[in-house]
Amino acid sequence: LPQSYVLEQNYPNPFNPETKIVYSIPQAGFVTIKIYKVDGELVKTLESKERAAGRYEISWNGKNDYGVQVSSGIYFYRIQSSDFSLVKKMILLK
């Protein structure tokens, strides 16, 4: 089991049409992972569920919560779980 919280850099980055995000949590808890535009607007909620301690991988296909493809640009992804929060940057190129 992981010893600490980890949010890895998405791969590939820059990406088109899809990218993978890997994260680890050392204890069970509710996890959210959300994608935001540079201006802070929420684009997509990728994860919002209870998870056991472990390592996980999720993908983002560049679509928003309504299934619409977003434009090229810089986006931020944020993980939140209990007392942990971290943000990283990614680039979508078309």
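Residues numbered from 1 in each chain as written. Predicted model: local features only at pLDDT ≥ 70, side-chain atom pairs only at ≥ 80, totals over all residues. Heavy atoms only, no water.

## Points about the side chain of T32
So, step 1. Turning to its location among the elements, T32 is positioned in strand β3 (residues 29-37).
So, step 2. Sequence-distant contacts of T32, defined by excluding residues within four places in its chain, comprise E47, S48, R78, I79 and Q80. (Helix = DSSP H or I, 4+ residues; strand = E, 2+ residues; numbered from the N terminus. Contact = heavy atoms within 4.5 Å.)

## Some points on the sheet that holds strand β2 (residues 19-25)
So, step 1. Pairing within the open sheet is antiparallel, and its three strands lie in the order β1-β2-β5. Single-partner strands in this sheet number two, and they are β1 (6-7) and β5 (54-60). (Pairing = 2+ DSSP bridges.)

## Brief notes about the pairing of strand β6 (residues 73-81)
So, step 1. The pairing of β3 with β6 spans seven bridges and is classified as antiparallel. Among the inter-strand pairings, K37 is bridged to a residue of β6, identified as Y75.
So, step 2. As paired elements, β6 and strand β7 (residues 84-92) share nine bridges and run antiparallel to each other. Looking across to β7, one finds that Y77 is bridged to K88.
So, step 3. As consecutive antiparallel partners, β6 and β7 are separated by two residues, and within that stretch S82 has a phi angle of approximately 45°, a positive value.

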